[in-house]
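Secondary and tertiary structure notes
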Amino acid sequence: MAEPEETIVVGAGVVGAACALQLQREGQQVRLIDRDPPGSGTSSGNAGSISNGSVVPMAIPGMLRQVPAWLLDPQGPLSVRWSYLPKAFPWLVQWLQAARRDRAERYSVALAQLTLDAVEHWQGLLEPAQRDRLIHQKGQLLVSRTREPGAPELFAQVLREARGVVTEAVDDDELRQLEPNLSRDYRRGLLIPDSGHTTNPRALTEALVDLLLAAGGQFTRAEVLEIERSGGQAQAVVTAGGRLPARNVVVAGGAFSLELARPLGDKVPLETERGYHCMLLQPELTLNRPTSDMERKYFATSMEEGLRVAGTVEIAGLEAPPDYSRARRLLQQAKKMLPALDTREHKFWIGYRPSIPDSLPVIDRSRNLGNVWYAFGHGHLGLTMAPATARRMARLLRAPAGRLEENAFRIDRF
């Protein structure tokens, strides 16, 4: 008897789990594989924001002038381990080149395809009870200590308006009405009312896997060693526990995806943005919505477990030990944002954001294998982009030649 052939999705983070569920619902027999429990990696530690307004790429005009100050500031949003700089340098150069106005505008159009209706897409993936518990649409608030916006902020707003993102300028008195616990140091803000958030990112990914299992899919906890191939096709996924025949393979392993893509001849400028968070377990206050400091580039979000402060970027690869001084600085900044915050009980965390210089993920078929597909490189927006990525992956697998005519997320764009 022939072995059953499945569509195997590698990576049980939020993107992989969403892809697996969408494909199962559209008639594929899906097996999701990860060496760790669903949602327990990078997907568990984000700020929880579902950012309908995230049409602004990471690199925009005017940012280059800010980078030296960020690198020299111990509390700045960007840090590079100098021992890792030679390896990261080509990626950093591409990242800075992406800040050209024409490129940033083009990338913004692509980002809109994956973010504009993110809350609605999440509501479509989940069952009512899960939606009610895990998804909240109270907007997102960006706050600033300055009285006037600088050039990068003005350009970001131009991009939002061009994409149709609804925003509301907020003065200092309105800030306190929206978030009474905010420091009086903040002078103004920008409310993005259509954005949402989750109060438990890990539980959100677990909910997707529960739905996958209920729909007849499977989850296997195993370490994936390689994708076995022959004649231009993947034949099986080889794990530490055995060989699993595959009809299609979707690689959605986040920052670890290149470990499988490189042996297949697929190269992508994927770098790891190491992100930290600090969870305040007894904060003694709450925020009504995710709130971001525009200058320091961090988010604070009230969650089921407490209040999470997440942000900063450290370029140091996957192997370097954590530098929890980054998380301690977040703790200090959170106290400045929310003076009444009780910071005595807290814990730190590190995760590995899979980032590509143009801020766009790869959602495409392998260059060399006709039945291997990629969904990785979502940077800071995996939670936001997961449902739209899953829909796009399903379209790719349905497409006659496995290609879409207009695909800003092609693997060969570099």
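As the structure is a prediction and not an experimental result, all values here were calculated from the model.

So, the overall build of the chain
- Secondary structure summary: the chain contains 12 helices and 20 strands in total.
- Relative to the globule expectation of 22 Å for 414 residues, the C-alpha radius of gyration of the chain, 21 Å, shows essentially globular dimensions.
- In terms of principal-axis extent, the alpha carbons of the chain reach across some 70 × 45 × 40 Å.
- Across the 414 residues in the chain, those meeting the buried criterion constitute 58%.
- Considering only intrachain contacts with a sequence separation of at least 6, the fraction spanning at least 24 residues in the chain is 79%.
- Summed over all atoms, the accessible surface of the chain reaches about 17,400 Å², with 49% contributed by carbon and sulfur.

Focus on the nonpolar core
- Leu-23, Leu-32, Trp-122, Leu-126, Leu-208, Ile-315 and Met-393 are the most contacted members of the largest nonpolar core, which has 65 residues in total.
- It is helix 12 (residues 382-398) that provides the largest number of residues to this core, a total of nine residues.
- Not counting chain neighbours up to four residues away, the residues in contact with Leu-32 comprise Val-9, Gly-11, Ala-12, Gly-16, Ala-17, Ala-20, Val-209, Leu-212, Gln-218, Phe-219 and Thr-220.

Digging into a negative patch on the surface
- A cluster of acidic residues, Asp-117, Glu-120, Glu-168, Asp-171, Asp-173, Glu-174 and Asp-194, forms a negative patch at the surface.
- Of all the elements in the fold, those that place two or more residues in the negative patch are strand 7 (168-171) and helix 8 (172-178).
- Mapped onto the elements, Asp-171 comes out in strand 7.

Here's the deal with the environment of Arg-147
- Summarising the element assignment, Arg-147 is placed in the loop between strand 6 (140-144) and helix 7 (151-163).
- Once residues lying within four places of it in the same chain are set aside, the contact partners of Arg-147 are Arg-187 and Arg-188.

The rules we used
- Residues numbered from 1 in each chain as written.
- Predicted model: local features only at pLDDT ≥ 70, side-chain atom pairs only at ≥ 80, totals over all residues.
- Heavy atoms only, no water.
- Helix = DSSP H or I, 4+ residues; strand = E, 2+ residues; numbered from the N terminus.
- Rg over C-alpha atoms; globule rule 2.2 N^0.38 Å.
- Buried < 20%, exposed > 50% of the residue type's maximum accessible area, 1.4 Å probe, protein only.
- Contact = heavy atoms within 4.5 Å.
- Areas by Shrake-Rupley, 256 points an atom, 1.4 Å probe, with all protein chains shown as cover.
- Core = buried A, V, L, I, M, F, W, Y, C linked by side-chain atoms within 4.5 Å.
- Patch = residues over 30% accessible without salt bridge, like charges linked within 9 Å, V, L, I, M, F, W, Y side chains within 5 Å.
- Salt bridge = Lys/Arg side-chain N within 4 Å of Asp/Glu carboxyl O.
- Lys, Arg positive; Asp, Glu negative; His and termini not counted.
- Charge placed at Lys NZ, Arg CZ, Asp CG, Glu CD.

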